[in-house]
Amino acid sequence: MTDPVTTPRLEIRNITRVFEGREVVSDVSLTVMPGQVTCLLGPSGCGKSTTLRIIAGVDMQDTGEIYVDGNLVCDTQFRVPPERRSIGLMFQDFALFPHLSVEDNVAFGIKGDKSNKRARVRELLEKVDLLRAIDKYPHELSGGEQQRIALARALAPRPSIMLMDEPFSGLDERLKDDIRDSTLDVLKAENTAVLLVTHEPHEAMRMADEIALMRDGKIVQQGAPYNIYNAPVDRQAAAFFSDINVIRGTVRNMAVTTAFGEFLCPPRPDGTEVEIVIRPQHLRIDFDRDGRGPNPTPQDGAPARAIVERARFMGRESLVEFRMDFDGSMLKATVPSVFLPKTGTPMWLMMRRDRCFVFPVAS
Ligand SMILES: Nc1ncnc2c1ncn2[C@@H]1O[C@H](COP(=O)(O)OP(=O)(O)O)[C@@H](O)[C@H]1O
Ligand SMILES: [Mg+2]
């Protein structure tokens, strides 16, 4: 007996897919628990859709296994056909059947008698707040409404797991966040497990319980959005979520000397090239007081003097670029609301030590 609470709705183990001699998906393993949204996040071309197509059963892996609710649905010999995998699909072009009414579109995949079907359709249309559109046809609906109908249609047969491939990318930018939130509400209310593919970090952060960060066919990091953002595995992982500053240095006596004083890098031997990474919003800015800056603190280390090179108003925040007195390098800082110092203004920067990541330079 498998325990429904601890058994993943979806588990894939060591999935690999080779196209024309190139490993497009490399040894990917993932689990999605009931009621959980896992985002497969990564740049275009990294192998996300291929992974999803394999899970859906429309493509076949070269190695690895797929389990739904603890049952093997596919390895390299055995294969449950796509329609019997209890998997719901929602892709970018969520084409509804144009000649069918909303009711018939949503009812399409439901088995059972007419009254059961009708009740399930009404229940879902209520959840997506479109019961009033039950007799309409797709062309009578807006893009956002069509998306909600497509969601209802995919959920109608009560799939164990929903696979969604960039499902919001065709929508108007202004509508996206609202639609993401309402989609999430519906998915949670149905207690479906979701594997959502996206290349947008903002979308992943907004929707995911768990993010699997993918690059060149591999999952490079997996965890809660908070952890992925605040403890990236490498410089690229940090850079995927925001602009970053990178300060390079060489380890001497277990420390790197920077404009902000010494950075301890304990386990690394002398001569190691390292990169200290900090996001622009984690640099603190202070004023110049006749050539002096703020006092050093244990949290922020020593301040460093810099000259404003450029300041730009970005709406919610301003982006200020600085040239460091120390070595002429450039650093960017974002500050909330409007703060637009003039070019040439001397200022002092501080780096929150707890927000810095130190990585060895990839050779
Ligand atoms: N059927 C195929 N034959 C050959 N190469 C493919 C095929 N499908 C995808 N690819 C290649 O595999 C890589 C990953 O594609 P894909 O999974 O669509 O990436 P993503 O969804 O992350 O943008 C790309 O380089 C793509 O060109
Ligand atoms: Mg894709």
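This one's a predicted model, so the numbers in the text were calculated from it and none came from an experiment.

1. Quick word on the overall build of the chain
Helices and strands together make up the secondary structure of the chain, namely 8 helices and 20 strands. Per-residue burial over the chain gives 33% buried out of 363 residues. Restricting the contact set of the chain to residue pairs at least 6 apart, pairs at least 24 apart contribute 64%.

2. As for the pairing of strand S10 (residues 218-223)
Across 5 bridges, the pairing between strand S9 (residues 210-215) and S10 is antiparallel. Bridge pairing in S10 links Leu213 to Gln221.

3. Quick look at the site of ligand 1
Residues in contact with ligand 1, as listed here, are Phe19, Glu20, Val24, Gly42, Ser44, Gly45, Cys46, Gly47, Lys48, Ser49 and Thr50. Ranked by residues supplied to the shell around ligand 1, first place goes to helix H1 (residues 48-56) with 3 residues. Its residues placed into classes, the shell around ligand 1 shows 3 nonpolar, 6 polar and 2 charged.

4. A word on the pairing of strand S12 (residues 255-258)
Here S12 shows a buried face lined by Val256 and Thr258 and an unburied face lined by Ala255 and Thr257. Of the strand pairs in this sheet, S12 and strand S13 (residues 261-264) are connected by 4 bridges, and their pairing is antiparallel. Looking across to S13, one finds that Thr257 is bridged to Glu262. Count of turn residues in the S12/S13 antiparallel hairpin: 2 residues.

5. Topic: unusual backbone geometry
Positive phi, close to 60°, is recorded for Asp129, a residue that is not glycine. Structurally, Asp129 is set in the loop between helix H3 (114-127) and helix H4 (143-155). The backbone phi angle of Asp216 is positive, close to 45°, even though this residue is not glycine. Considering the arrangement of structural elements, one finds Asp216 in the loop between S9 and S10.

6. Some thoughts on helix H5 (residues 173-189)
In this model, H5 (17 residues) spans 25 Å end to end at C-alpha, consistent with the 24 Å of a helix rising 1.5 Å per residue. The first or second residue beyond H5 is Asn191, which carries a positive phi of 55°.

7. Looking at the domain arrangement of the chain
One can read the domain layout of the chain as domain 1 (10-240) and domain 2 (243-360). For domain 1 and domain 2, the distance between their C-alpha centres works out to 40 Å. Counting residues at the interface gives 5 residues for domain 1, matched by 6 residues for domain 2. For the side of domain 1 that touches domain 2, the class distribution of residues is 3 nonpolar, no polar and 2 charged.

8. Details of the sheet that holds strand S3 (residues 37-41)
Spatially, the 6 strands line up as an open sheet ordered S6-S7-S8-S3-S9-S10, and their pairing is mixed. Looking at which strands have only one partner, the edges of the open sheet turn out to be strand S6 (87-91) and S10. Each adjacent strand pair in this sheet contributes to an overall mean axis angle of 15°, direction not counted. Note that strand S7 (residues 161-165) and strand S8 (residues 193-198) share 5 bridges and pair parallel. What sits directly across from Asp165, in S8, is Val197. Packed onto the sheet, H1 meets S3, S6, S7, S8 and S9 and runs at close to 150° relative to S7.

9. Topic: the confidence of the model for the chain
Detailed reading of predicted coordinates is not advised where the pLDDT is low. On average, residues of the chain score 92 in pLDDT, and 98% of them are at 70 or above. Mean pLDDT values over the elements of the chain span from 86, in S13, up to 98, in S9.

10. Brief notes about the environment of Glu317
Among the structural elements, Glu317 can be located in strand S17 (residues 317-324). Apart from residues lying up to four places away in sequence, Glu317 is in contact with Thr334, Val335 and Pro336.

11. With respect to the sheet that holds strand S4 (residues 63-68)
Pairing in this open sheet of 4 strands is antiparallel, and the strands run S2-S1-S4-S5 from one edge to the other. Either end of the sheet is taken by a strand with one partner, and the two such strands are strand S2 (22-32) and strand S5 (71-74). Across this sheet, the average inter-strand angle for adjacent strands is 30°, counted without regard to direction. Examined bridge by bridge, S4 and S5 share 3 bridges and lie antiparallel to one another. Considered in S5, the bridge of Ile66 is made with Cys74. Against the sheet, H1 engages strand S1 (10-19), S2 and S4, with an angle of about 120° to S1.

12. A word on the packing of H4 against H5
In a pair of packed helices, the angle between the axes and the distance between the axes together describe the arrangement. The N-to-C vectors of H4 and H5 enclose an angle of 20°; their axes lie 11 Å apart at closest approach. Taken together, the axes of H4 and H5 lie roughly parallel to each other. You can see that H4 and H5 cross each other, and the crossing is right-handed. The segment H4 lies against H5, with Gly144, Gln147 and Leu151 engaging Leu175, Ile179, Thr183 and Val186. Across the contact of H4 with H5, the residue classes tally to 4 nonpolar, 3 polar and no charged.

Calculation criteria
Residues numbered from 1 in each chain as written. Chains lettered and ligands numbered in written order. Predicted model: local features only at pLDDT ≥ 70, side-chain atom pairs only at ≥ 80, totals over all residues. Helix = DSSP H or I, 4+ residues; strand = E, 2+ residues; numbered from the N terminus. Buried ≥ 20, exposed ≤ 12 C-beta atoms within 10 Å, placed from the backbone. Contact = placed C-beta atoms within 7 Å. Pairing = 2+ DSSP bridges. Near = placed C-beta within 6 Å. Nonpolar A, V, L, I, M, F, W, Y, C, P; charged D, E, K, R; others polar. Expected span 1.5 Å × (residues − 1). Domains from an automatic or database assignment. Axes fitted to C-alpha atoms, helices over the stretch in contact; angles between N-to-C directions. pLDDT = per-residue confidence, 0-100. Parallel < 35°, antiparallel > 145°, perpendicular 65-115°, else oblique. Left-handed = near helix turned anticlockwise from the far one by under 90°.

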